[in-house]
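Below, each chain spelled out in residue letters.
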Amino acid sequence: MSADSAALYAKSLTGPFILAGPCVLESRQLALDVARELAAISARLDLPIVFKSSYDKANRTSVTSFRGPGMDMGLSWLAEVREATNLPIVTDIHLPEQARPVAEVADVLQIPAFLCRQTDLLVAAAETGRIVNVKKGQFVAPWDMKNATEKLRSTGNGRFWLTERGASFGYNNLVVDMRSIPIMRGFGAPVVFDATHSVQLPGGQGGSSGGQREYVSTLASSAVAAGASGVFLEVHPDPDRALCDGPNSLPLAKLEPLLKRLLAIWSVPSAG
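What counts, and where the lines are drawn
- Within each chain, residue numbers correspond to sequence positions counted from 1 in written order.
- A pLDDT threshold of at least 70 governs which residues receive local features in this predicted model, and a stricter bar of 80 or more applies before side-chain atom pairs are shown or counted, although totals over entire chains, interfaces and linings include all residues.
- By convention in this description, side-chain values take in all heavy atoms of the structure and omit both hydrogens and water.
- Secondary structure elements follow DSSP: runs of H or I no shorter than four residues count as helices, runs of E no shorter than two count as strands, and numbering proceeds from the N terminus.
- Between the two quantities, the radius of gyration covers C-alpha atoms and the globule rule is 2.2 Å times the number of residues to the power 0.38.
- The classification of residues rests on relative accessible area computed with a 1.4 Å probe and restricted to protein chains. Under 20% of the type maximum is buried, over 50% is exposed, and intermediate values are partly exposed.
- The contact criterion used throughout is that any non-hydrogen atoms of two residues lie within 4.5 Å.
- Here the Shrake-Rupley method, with its probe set to 1.4 Å, supplies the accessible areas, and only the displayed protein chains count as covering residues.
- The term nonpolar core refers to a set of buried residues drawn from Ala, Val, Leu, Ile, Met, Phe, Trp, Tyr and Cys, joined through side-chain atoms within 4.5 Å.
- Directions drawn from the helix axis to the C-beta atoms are what define this arc.
- Any pair of N or O atoms that falls within 3.5 Å is considered a polar contact. Within protein, one atom must be able to donate a hydrogen and the other to accept it, and sequence-neighbouring residues count only if both atoms are side-chain atoms.
- Two strands qualify as a pair provided that DSSP identifies no fewer than 2 bridges between them.
- Crossover handedness is defined by viewing with both strands directed away from the observer: a clockwise path from the first strand over the helix to the second marks the crossover as right-handed.

Draft legend 1. Inspection of the overall build of the protein at higher detail. A count of helices and strands for the protein gives nine helices and 13 strands. The C-alpha radius of gyration of the protein comes to 17 Å, within 12% of the 19 Å expected for a compact globule of 272 residues. Principal axes of the C-alpha set define a box for the protein whose edges measure 40 × 40 × 35 Å. Sorting the 272 residues of the protein into buried and exposed places 53% on the buried side. Within the protein, counting contacts between residues at least 6 apart in sequence, those at least 24 apart form 70% of the total. Carbon and sulfur atoms make up 50% of the accessible area of the protein, which totals about 11500 Å².

In C-alpha cells:
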C-alpha cells in the first residue's frame with residue numbers, strides 16, 4: 001500500500017471524509033476544473049476530499065448511454081488530476097484484470113453496487129493493497145455485507161470502506177434504511193453514504209435514470225447523524241447538462257454549503 005493511500009485510510013478511521021466528483025469523465029478539462037474547486041474547498045474546510053469519477057460506466061440504462069472515455073484515456077486524465085491537485089483518486093473497476101492497472105493511479109478501488117458479490121473482483125481489488133470501497137448492492141441486506149468483508153480480509157488487506165446507496169424495490173425507486181449504517185459499522189470499517197445515488201430513480205426517464213437531487217442534503221445529513229464517516233457526492237458544474245446521472249447530481253456551487261452543514265453535524269458528540 002502506498003504511503004498516500006495508507007495516510008488516507010488512517011484519516012478515514014479518525015475523522016470525516018468526502019468522495020466527490022462528476023459521475024463520469026466527460027472531458028479532461030471538466031475533470032481538472034472540478035478537481036481544482038474540490039481541492040480549494042478541501043483546504044478551506046480542512047476536510048479530506050477524494051476525487052471520484054468513472055472512466056467507464058458499465059451499468060447504464062440504455063445501450064446508447066454515454067459510458068466515458070475508456071480505461072486508458074480515463075486513467076491518464078485521473079493521473080493528471082492527481083498530479084495537478086494532489087487529491088486522492090477513487091474510480092470503479094468492473095473486471096478482476098482491471099484492478100492492478102487502475103491501482104497504479106487510484107488510491108481507492110471502487111466496487112460498483114451491482115458487483116458487490118463478485119468474489120474474484122473483490123479479491124483482485126484487495127490484493128492490490130489499495131483501499132477498496134464496496135458499494136452495498138441495491139439487492140443486498142446490510143448484514144449480508146459481512147460476506148464481502150470476509151472476502152476482502154481473506155487477502156490480508158483489511159483497509160476498506162462500505163457504502164450505503166439505497167435499496168431497490170422496483171418501480172424506478174430506491175429507499176434508504178439508515179439502520180444499515182450502524183449495522184455495517186459493526187463490521188469494523190468506516191461506512192460511507194452515497195447521497196446522490198440514493199436519490200436516483202433508476203430507469204425513471206425510460207432511456208435513462210431520473211433523480212431527486214432536492215433530497216440530497218436531507219439524506220446526507222441524516223446519514224451523518226446515523227454514524228456515516230464519509231459521504232459520497234456526485235457533483236457537476238451544470239447537472240442539467242451532465243452526460244451521466246445529471247438528475248441526481250449536486251450542483252458544484254452547492255457543495256461547500258452542504259459540507260459545512262455536514263461538518264456541524266459531525267461535530268456533535270455521538271450519543272451511541
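Draft legend 2. Geometry of the nonpolar core. One finds Leu 38, Phe 51, Leu 233 and Leu 259 to be the most contacted residues of the largest nonpolar core, which totals 79 residues. With eight residues, helix α2 (residues 28-45) is the single largest residue contributor to this core. Excluding residues that lie within four positions of it along the chain, Leu 233 makes contacts with Ile 18, Leu 19, Ala 20, Gly 21, Ala 195, Thr 196, Val 216, Leu 255, Leu 258 and Leu 259.

Draft legend 3. Main features of unusual backbone geometry. With a phi angle near 65°, Asn 86 is a residue other than glycine that sits in the positive phi range. Accessibility expressed as a relative area gives 65% for Asn 86, which makes it exposed. The phi angle at Asp 245 is positive, at roughly 60°, despite the residue not being glycine. Within the fold, Asp 245 resides in the loop between β12 (230-236) and β13 (250-251).

Draft legend 4. Layout of helix α8 (residues 216-226). Val 216, Ala 220, Ser 221, Ala 223 and Val 224 are the residues of α8 that are buried. Within α8, the buried residues cover an arc of 160° as seen down the axis, which keeps them to one side. For α8, the secondary structure elements touched by its buried residues are α7 (180-185), β9 (191-194), β12, β13 and α9 (255-266). Positive backbone phi, at 115°, marks Gly 227, one or two positions downstream of α8.

Draft legend 5. A look at the side chain of Asp 107. One can find Asp 107 in the loop between α4 (99-103) and β4 (108-111). Among the polar contacts listed, one links the side chain of Asp 107 to the side chain of Arg 82, at a separation of 2.6 Å. Leave out the neighbours within four places in its chain, and Asp 107 touches Asp 4, Ser 5, Leu 8, Arg 82, Pro 88, Ile 89, Arg 130 and Ile 131.

Draft legend 6. Representation of the pairing of strand β1 (residues 17-21) within the structure. β1 sits mainly inside the fold: five of its five residues count as buried. Burial along β1 is two-sided: Phe 17, Leu 19 and Gly 21 and Ile 18 and Ala 20, pointing in opposite directions, are all buried. Where β1 meets β12, five bridges bridge the pair, whose relative direction is parallel. Considered in β12, the bridge of Phe 17 is made with Gly 230. Pairing between β1 and strand β2 (residues 49-52): three bridges, direction parallel. Paired with Ile 18 across the two strands is Ile 49, which belongs to β2. In this view, the connection linking β1 to its parallel neighbour β2 by way of α2 has right-handed handedness.

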